[in-house]
Amino acid sequence: MTFLKKLAALPLAASMLCGTAYAADITPVQLEQMRASLPASTVGGDGVYMIQLEEPPAVAYSGGIKGIKATKPAKGQKFNGKSSSVRSYKRYLKGKQDEVLGSVGASEAIYNYGVTFNGFAAKLTGKQAATLRKQPGVKSVSKDTMMKLDTISTTEMLELRTGIWGELGGIDTAGEDVIVGILDSGVWPENPSFSDTTDLSDSSGNSGKRKLAYGPPPPRWNGNCRSGQNWSQNTCNNKLIGADWFVSGFTAHGKSGLLKYEFLSARDVDGHGSHTASTAAGNSGVPVVINGSEIGTASGMAPRARIAAYKVCWGTGSDGGCFGSDSVAAIDQAVIDGVDVLNFSISGSQTSFLDPVEVAFLFAAEAGVFVAASAGNSGDAASTVAHNSPWLTTVAAGTHDRGYTATVEVDGVDYSGVSLGAGVQGDLVYAGDAGDSQCNPGALDPAVAAGKIVLCDRGGFARVDKSRAVDEAGGIGMILANVTPGSLNADFHSVPSIHVNDVDGQELRDYLAGLSTAATADISEGELIEAEASQVAEFSSRGPALAGGGDLLKPDIMAPGVDVIAAVSPVTAGGNNFDAYSGTSMSSPHMAGFGALMKQLYPNWSPAMIKSAFMTTATTDTNKGNPIDGGALDYGAGFVQPNDATNPGLVYNAGFLDWLGFTCGVGELAISTCDFFEADPIDPSDLNYPSIAIGALAGSQTVTRTVTEVGDGGTYYPAINAPSGLDIQVEPSSLTLAPGDSVSYDLTITNTAAELNTWLEGDIVWSDEDGQSVRSPIVVRAVEFAAPAELSETGAEGAGSIDVTFGYEGAYDAVVSGLVAASTQEGTVVDDPSNDINTALGTGVGISVHVVDSNPAASIGRISLFDDYTDGNDDLDLYVFDEAFGFVGGSGSGTSAEQVDIPHAQIGSPFYVVVVHGWETDGPDANYRLFSWFPGDDKGNLTIDTDSVPPSATLGASEKIGYTWAVDEDAKYMGSIDHVKGTDLIGRTVIRIDND
């Protein structure tokens, strides 16, 4: 059925012929079909936005403004957030920010940032946000988003007492006067982990033998102890030296209702912040009692470090969250306050290096702050790792060297699991028969559960809440059963409990469902056993990173993150001061604490040097000498070995300009920004990083690294473990360095017979005569073919060439899809007052609808708008739907330069419905021209130089495929050259000729 007939069969208000295609007023029913097919990411409109301005924040300002001295710290110096120059520059930036905000008639900003991020957060209408996007000096406008919160024997497992603690003078000086900032849900200050006066046990566990005896905070500390609900300025002490809280972003999003059970202060309700703070830098020798049982003594990784708590997360569980606007404000303040280390156990972007929080951390790192961030808890799926920026240390979660095993016997059949508690015997019932299979507190029927052991399904909410539900219903024990493959966690529960896997869980459910009489269960007491440590936790997020196309290996490293015992809030822990938590939220503060120890040991080292020391000395073996399951995409360089990191030999250093060059190299940062800071864009694989990654290797690529000697000097020789099918050559063949010297080397990686589209892993280890080893993991994905996706030319005729590289041996040919001139339609769209495509599709106001004929034989389809073809300074967006009104693609930049491509494999519709959205017109409406191309067969106007086409592909070879074109009209043309292996399409290069 043609579109005209299709329209005639539908109750349209009107339709009219326009050129060679149709524009139509679609009915509300059809508009709703289109709206319903839009992805959730297209939601816009009013809300809280974060606006970044172009000028550098204070940590990077190098001078140039009359009357304001440079605020960027000199090399080796600490940023002074309270200096008169910083205050003057912040006032200058705020003045600029106020001008920008006032230009759209907006009210006062929620936050003004100026230290690690130049910009502000404000409640804006969609129209105001759209106007700001086009203003000179505005770098980015982004919706504020909510992120989620992502040890007793850790110190013994990593042998800190005889290692790095010993190098720093022992347990009573390890971390001395280093300031660790924790961005999280606050802190419970009364916990002995944060005391500055309590008598604690000595290194042998004898209580009352050691006083903490903290002196005043370091002189460089500029922070304060902000008062609030159930918190005074005197609540802090010489251990917990600072506390602040940031809630304006949270409340601006209308979330204040969650605060009814919160403290409007730095006091921790959730428990997460106390846990991360004490893991990183809690006191050593702290007695741990849980549910009345003495468990042992706990210690933070840097037990003498000072703690500054910054509460940015509010609410608990699924209700709670942490908005980026609050986090950026906290990062700004933490750098002003003088922290040395920051921990961020909060989720983050998987796809971008430049969301506002990552940008703030970039400038914090420029100020010398070591930042540890959690990799995420979305494993074990690939490409789920978050916080992929190179200026962060991104931490995966590993298992412990101790575990708590238990068994449950059900009518004579034994099932294995994990448990930290006592045993119990009794009749067994399924929670689904007691009102709720997941054991939601308050949902279990006491008439069924009282006096019984209850089988509860995992999921929905916290595991410990399930045992609390059983206890509240009168139950005497719990079997927690996974419903899908997942981790087993030995939590501290309200009743004796055991956690079993999904297979055993389903067997138990099936068994109970078939019984006519009660089953009996006998849960054994949990038994401490030595475990095969350093395995990657199932929940830990994996690489390859989506950001950067795999040219940077993330996560960076792995640290303990399973059943970590640390301080919590008694509000949500049943009155307990300690509990066992699992997650990359727990592994990240381990690295923050280790970073603090390294800051103390090497105060002049950069964050990149500290990260390098950890990564190049990490192990890929378990404590029993067996290889860790998985690989570098799961755990980065390996499991942290903090004692070895104190003497790494060589380090890979990098800084602000390197990170900018990397971000420009991946295309996420404008080249103009790199030009402004005089940073050279680089291939992302060439960032001077302790790991080496190439996301798409066709043939051969050479990467460069520079190492700096931080030891006694010597000559290092390489040992290369090359993955199967790859040849790796290093030049030079040795490196001789005196202390402080830096030397570069090249690593050339060539595909000789590698499996394609598969990640391959190896490493390079530099070793000297004294046994010093410096290991860098290598991850490479070999691809079949590489060629530019698009080339742009001008002129009625001319010639060009395509650089191609082959990752295989065999047939090759180049095939033309001839140039076609764009089909165009003129249109007018009124301004959308809602600035929200969802609303516009609902009301029909602010959109114009076109129909574009397709070509089923086309190599590619493209529909575009251009700034030059509107009648003013307009911001128009583009949405494309198929004949069934299903969403195909959209484009919504801050201008009218929009483009939606339809790959050949998806061209199946005889026509496409195109919606032009008037996000922000500079008057009541905007006139525009819509362009579309569907190039297909050879038109004779694009010709390949057959002499430049090799007769066959040679692995690793690069060629230039020549082409010429000749066209008649002053128009925009598009065609393509397909790269073919036999009958298989292995690549396509779009050719554009822009002659109008």
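Structure first, text after, so check above.
Here goes a summary of the coordinates provided. No experiment lies behind these values; they were computed from the predicted model shown.

## Notes on the sheet that holds strand β46 (residues 860-865)
Strand pairing in a sheet takes place through backbone hydrogen bonds and is either antiparallel or parallel in direction. Ordered in space as β44-β51-β46-β49, the four strands form an open sheet in which the pairing is antiparallel. With one partner strand each, in any of the chains shown, β44 (823-830) and β49 (898-903) form the two edges of the open sheet. Across the sheet, the axes of successive neighbouring strands diverge by a mean angle of 20 degrees, strand direction being ignored. With three bridges joining them, β46 and strand β51 (residues 925-933) adopt antiparallel strand pairing. Across the sheet, residue R862 finds its bridge partner in β51, namely W933.

## Considering the environment of G940
Tracing the chain through its elements places G940 in the loop between β51 and β52 (942-944). The spacing of G940 and G818 is 122 residues in sequence and 6.5 Å in space, taken between C-alpha atoms.

## Re the state of the cysteines
Tallied over the entire structure, the rule returns four disulfides. Disulfide partner of C225: C236, at an S-S distance of 2.1 Å. Handedness of the C225-C236 disulfide follows from its S-S torsion of about 85 degrees: it is right-handed. Remark: C236 occurs in the loop between β10 (210-211) and β11 (240-245) and C225 occurs in the loop between β10 and β11; sequence separation between them is eleven residues. The exposure class of C225 is buried, given its relative accessible area of 9%. A relative accessible area of 13% means that C236 is categorised as buried. For C313, the disulfide goes to C322, at an S-S distance of 2.1 Å. Taking the sign of the torsion about the S-S bond as the criterion, the disulfide between C313 and C322, at about 105 degrees, is right-handed. Accessibility assignment for this pair places C313 and C322 in one class, buried. For the chain, the disulfide bridges join cysteines in the arrangement 1-2, 3-4, 5-6, 7-8, where the cysteines are counted in sequence order.

## Remarks on the packing of aromatic side chains
Counting across every chain of the model gives 28 aromatic pairs. Between Y61 and Y89, the aromatic rings sit 4.0 Å apart at their centres with planes inclined by 5 degrees, giving stacked as the arrangement. Linking Y61 in the loop between β3 (47-53) and α3 (84-102) with Y89 in helix α3, this pair joins segments that are 28 residues apart in sequence. Residue Y89 is classed as buried on the basis of its relative accessible area, which comes to 1%.

## Brief notes about the packing of helix α10 (residues 356-366) against helix α18 (residues 656-665)
For any two helices packed against each other, one specifies the inter-axial angle together with the distance between the axes. The contact between α10 and α18 brings their axes to 9 Å, and the two run at 150 degrees. Overall, the two elements α10 and α18 adopt an arrangement that is roughly antiparallel. Contact residues: α10 offers L362, F363, A365 and E366, while α18 offers F656, W659 and L660. For the contact of α10 with α18, the class distribution of residues is six nonpolar, no polar and one charged.

Procedures and definitions
- Residues numbered from 1 in each chain as written.
- Predicted model: local features only at pLDDT ≥ 70, side-chain atom pairs only at ≥ 80, totals over all residues.
- Heavy atoms only, no water.
- Pairing = 2+ DSSP bridges.
- Helix = DSSP H or I, 4+ residues; strand = E, 2+ residues; numbered from the N terminus.
- Axes fitted to C-alpha atoms, helices over the stretch in contact; angles between N-to-C directions.
- Disulfide = S-S within 2.5 Å.
- Buried < 20%, exposed > 50% of the residue type's maximum accessible area, 1.4 Å probe, protein only.
- Phe/Tyr/Trp six-rings, centres within 6.5 Å; stacked < 30°, edge-to-face > 60°.
- Parallel < 35°, antiparallel > 145°, perpendicular 65-115°, else oblique.
- Contact = heavy atoms within 4.5 Å.
- Nonpolar A, V, L, I, M, F, W, Y, C, P; charged D, E, K, R; others polar.

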